[in-house]
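Each chain is listed here by its residues.
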Amino acid sequence: MPTPEFDVLVVGLGAMGAATLYQLAKRGVKVAGIDRFSPPHDQGSSHGDTRITRQAVGEGAAYVPLAIRSQQIWRELEAELDVELFEQCGVLVMTASTDPQRPADARDFTDNSIELARRYGIEHQVLDAGEIRQRFPQFAPLDDSARGYFEPGGGFVRPERCIEAQLTRARQLRATLITGQQVLELKPGADGVEVICQGSRFKARQVIVSAGIWSAPLLGAPFDSLLRVCRQQLYWFRLDQPAHYPARSPSFILHSAEDRDTCYGFPPIPGEGSVKIATEQYEQASQPDSLDRQPSSADAQRLFRELVAPHMAGLAPQLVKASVCAYTVTPDSGFIIDRHPHLAHVTVVSACSGHGFKHSAAIGEALAQQVVDGRSELDLGSFSLQRFT
Ligand SMILES: Cc1cc2nc3c(=O)[nH]c(=O)nc-3n(C[C@H](O)[C@H](O)[C@H](O)COP(=O)(O)OP(=O)(O)OC[C@H]3O[C@@H](n4cnc5c(N)ncnc54)[C@H](O)[C@@H]3O)c2cc1C
């Protein structure tokens, strides 16, 4: 049987791959997407019902246009498919307490968000502790020195639905989807890449690898020394007193003084009787195929005791649900979107470090523009590999 040939083959159909496949198919490219599972699934980095989206992205200015454009693409998809992807409930970034001796020029995550919002003209409000407590009674226990940034245009997206929607549109636009096949090897040649799976092979003039936590084993050097897989846990705590939660409650990010500890969470999803809250860890690295997928209830209780109970009302420590997910983390927590330095015709997209989903739709669009037009409207230059060499 002849080897199936494509102009572009996208390896990995999670957040980044589904967006890229859809945008390439939209531009009439002969494209295929391949995934070892059947996305959306709960084995990688894109599950757990919700992802925060905000426009004043405290991680840096390069991300702001990507977040804004992604929100527009999700709205377009919602209209095309009659599905709800983006809940614009607002996002509240808080510093839990402020040291009175703090130097005047000190900057934390909340300050960065305010500064970016001002620079980009993003609608926002700066709130003191009293204003936060008055508008959002779920944060009634906050310290008097707490500070907040509220962005009404932010909120959360539904990751599984976003992936599903983009794969559905890609299929409708004649992309080929191959699921349940793991890519084992990429063999570049003079005019393209041979993509080797167990028992099958494909050819493509270009390959885009968006393999999430499995990127390093497939891509080799230098990615095997740049990418770390960090296990994360997600907890849905029982909503004890729903009256604390106004009808339009925001997604939130809470930092302790000097950004020492962080947790983030979402408003209650109607009918679920819980609030999803998570924290982050970057200390321990895991191997993707031996990731411990059992959430720890002891860790959940610690999170509740140390970060939830002192700052939030209306929740009980009992878990309604829990899950394990993983970040792919780079040394500076920025993205890598660049050509593979040793594999010709291969582009690598590692856009995680715990904050990639909100940018995924626009990253897919920019990659498709690069393939078709040779350049993208939004600049991906900040994500080049060069900064690590
Ligand atoms: C717990 C958690 C919370 C997060 N919260 C937020 C948030 O609030 N806001 C935000 O913006 N971002 C957030 N992020 C980050 C965001 O979810 C990620 O940036 C994004 O999901 C990464 O998408 P991806 O396409 O790189 O990986 P994935 O979606 O995991 O996709 C990778 C795909 O590649 C496939 N694959 C891998 N290897 C192969 C192979 N060899 N052959 C075939 N297929 C392969 C996998 O099966 C998978 O489907 C969070 C991440 C986690 C884990």
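Residues numbered from 1 in each chain as written. Predicted model: local features only at pLDDT ≥ 70, side-chain atom pairs only at ≥ 80, totals over all residues. Heavy atoms only, no water.

### Side note on the site of the ligand
Not every one of the 34 residues close to the ligand is listed here, only the nearest: Asp35, His41, Ser46, Ile52 and Val183. Taking Ala15, its main chain carries an N or O atom lying 3.1 Å from an oxygen atom of the ligand. Counting residues per element, the ones that place at least two in the shell around the ligand are α1 (15-26), β2 (31-35), β3 (51-53) and β17 (315-329). If one sorts the elements of the shell around the ligand by residue count, β17 sits on top with 3 residues. Here the shell around the ligand is built from residues that sort into 17 nonpolar, 13 polar and 4 charged. Two domains each donate at least three residues to the shell around the ligand, and these are domain 1 (5-51 + 159-226 + 332-388) and domain 2 (91-152 + 228-327). (Near = heavy atom within 4 Å. Polar contact = N/O pair within 3.5 Å; in protein donor to acceptor, adjacent residues only side chain to side chain. Helix = DSSP H or I, 4+ residues; strand = E, 2+ residues; numbered from the N terminus. Nonpolar A, V, L, I, M, F, W, Y, C, P; charged D, E, K, R; others polar. Domains from an automatic or database assignment.)

### A few points about the side chain of Thr328
Here Thr328 lies in strand β17. Judged by its relative accessible area of 3%, Thr328 falls in the buried class. Discounting residues that sit within four places of it in the chain, Thr328 has contacts with Gly212, Ile213, Leu227, Arg228, Ser350, Cys352 and Ser353. (Buried < 20%, exposed > 50% of the residue type's maximum accessible area, 1.4 Å probe, protein only. Contact = heavy atoms within 4.5 Å.)

### Overview of the state of the cysteines
All chains considered together, the criterion is met by 0 disulfides. Not part of a disulfide, Cys89 finds its nearest cysteine sulfur in Cys162, a span of 14 Å. Given the relative accessible area of 7%, Cys89 is considered buried. The cysteine Cys352 is free of any disulfide, with Cys325 supplying the nearest cysteine sulfur at 7.8 Å. For Cys352, a relative accessible area of 13% corresponds to the buried category. (Disulfide = S-S within 2.5 Å.)

### Examining the layout of surface pockets
Each pocket or cavity is described by its volume, and for the second largest pocket that value is around 470 Å³. Lining the second largest pocket are 18 residues, and of these Thr279, Glu280, Gln281, Asp299 and Arg302 sit closest to its centre. At the level of secondary structure, the elements contributing two or more residues to the lining of the second largest pocket comprise β13 (228-239) and α8 (297-308). Looking at the lining of the second largest pocket, the element that brings in the most residues is α8, giving 5 residues. Grouping the constituent residues of the lining of the second largest pocket by class yields 4 nonpolar, 7 polar and 7 charged. (1 Å grid on protein atoms, 1.4 Å probe; cavity = no way out; pocket = protein on both sides within 12 Å on 5 of 7 lines; lining within 4 Å. Points joined across faces, edges and corners; volume = space filled by probe spheres on them.)

### With respect to the domain arrangement of the protein chain
Assigned domains within the protein chain: domain 1 (5-51 + 159-226 + 332-388) and domain 2 (91-152 + 228-327). Each of domain 1 and domain 2 has a C-alpha centre, and these two points are 30 Å apart. Each partner contributes to the interface: domain 1 provides 18 residues, whereas domain 2 provides 18 residues. A combined buried area of about 1300 Å² lies between domain 1 and domain 2, and 52% of that area is made up of carbon and sulfur atoms. Asp49 is paired through a salt bridge with Lys321; the nearest N and O atoms lie 2.8 Å apart. Taken together, the residues of the side of domain 1 that touches domain 2 sort by class into 5 nonpolar, 9 polar and 4 charged. (Buried area = accessible area lost by both parts, 1.4 Å probe. Salt bridge = Lys/Arg side-chain N within 4 Å of Asp/Glu carboxyl O.)

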